[in-house]
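# Remarks on the overall topology
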Amino acid sequence: MARIKLSSTYRYIRFSVSPPSADALTLRKCMQDALAQSFGLVSSHTYVDILWLSDDGKSLVVRIGENDAPKLLAAVTASTASTRLSLVKESSFLPALLSADPLA
């Protein structure tokens, strides 16, 4: 049986948030500011979709273009913002993020 590779133009990234924030716009702004700080104004307007934000504000899942994902990961790592985003898992297959721990 032949294996079929499912290709995707997106990367799905699960972050933990510290301190917790239940406001998706604040977290989107945090990512935008991190991209601007690391890569300048043009990169700060990268499309980032927040697909899921936990009720307690401790974790979120975002969708970003395949080519922009490394920039976002580098930017949140280098960010000096008071809200810290930490990588939990990233994949090109959204259901793979469930293996880190169940989304609550």
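Here we summarise the structure given alongside this text.

Thresholds applied
Per-chain numbering applies: the sequence of each chain, read as written, is numbered from 1 onward. Only residues with pLDDT of 70 or above have their local features reported here, since the model is predicted, and side-chain atom pairs are shown and tallied only from 80 upward, although totals for entire chains, interfaces and linings are computed over all residues. Side-chain measures here rest on the full set of heavy atoms in the structure, leaving out hydrogens and waters. The rule for a salt bridge is simple: a side-chain nitrogen of Lys or Arg has to be within 4 Å of a carboxyl oxygen of Asp or Glu. Strands are runs of DSSP state E lasting at least 2 residues, helices are runs of H or I lasting at least 4, and numbering of each runs from the N terminus. Throughout this description, buried means an accessible area under 20% of the type-specific maximum (1.4 Å probe, protein chains only), exposed means over 50%, and partly exposed covers the range between. Identification of polar contacts relies on pairs of N or O atoms within 3.5 Å, with a donor-acceptor requirement for protein atoms, meaning one able to donate a hydrogen and the other able to accept it, and with residues adjacent in sequence counted only if both atoms are side-chain atoms. Two residues qualify as a contact provided that any one of their heavy atoms is within 4.5 Å of a heavy atom in the partner residue. Any two strands with at least two DSSP-identified bridges between them are counted as paired. Note on definitions: angles span 0 to 180 degrees between N-to-C directions of axes, and those axes are lines fitted to C-alpha atoms, for helices only across the stretch in contact.

Time to look at the pattern of salt bridges. Applying the stated criterion across every chain yields a total of four salt bridges. Between R11 and E66 there is a salt bridge, with its nearest N and O atoms 3.7 Å apart. A residue pair is termed long-range when its members are at least 10 positions apart, and R11 in strand β1 (residues 10-18) and E66 in the loop between β3 (59-65) and α2 (69-78) qualify at 55 residues. The exposure class of R11 is buried, given its relative accessible area of 16%. Judged by its relative accessible area of 34%, E66 is partly exposed. A salt bridge links D49 to R63; the shortest N-O distance between them is 2.9 Å. One end of the pair, D49, is in strand β2 (residues 48-53); the other, R63, is in strand β3, and 14 residues separate them in sequence.

Attention now goes to the side chain of R14. The residue R14 is located in strand β1 in this model. A distance of 3.5 Å separates a polar atom in the side chain of R14 from the backbone oxygen of L97.

Moving on to the environment of L73. With respect to the helices, strands and loops of the structure, L73 is situated in helix α2. For the pair L73 and L87, spaced 14 residues apart in the sequence, the C-alpha separation amounts to 7.7 Å. With sequence-adjacent residues up to four places away left out, L73 is seen in contact with I13, F15, L87 and E90.

Attention now moves to the sheet that holds β1. One open sheet holds the four strands; their spatial order is β2-β3-β1-β4, and the pairing between them is antiparallel. Two strands in the sheet have a free side with no partner beyond their single neighbour: β2 and β4 (84-91). The mean angle between the axes of side-by-side strands here comes to 30°, regardless of whether they run parallel or antiparallel. In this structure, β2 lies alongside β3, joined through five bridges in antiparallel fashion. Following the sheet pairing, V48 is matched in β3 by I64. Sitting on the sheet, helix α1 (residues 24-39) touches β1, β2, β3 and β4, and the angle it makes with β2 is about 140°. Against the sheet, α2 contacts β1, β3 and β4, and its axis sits at roughly 15° relative to β1.

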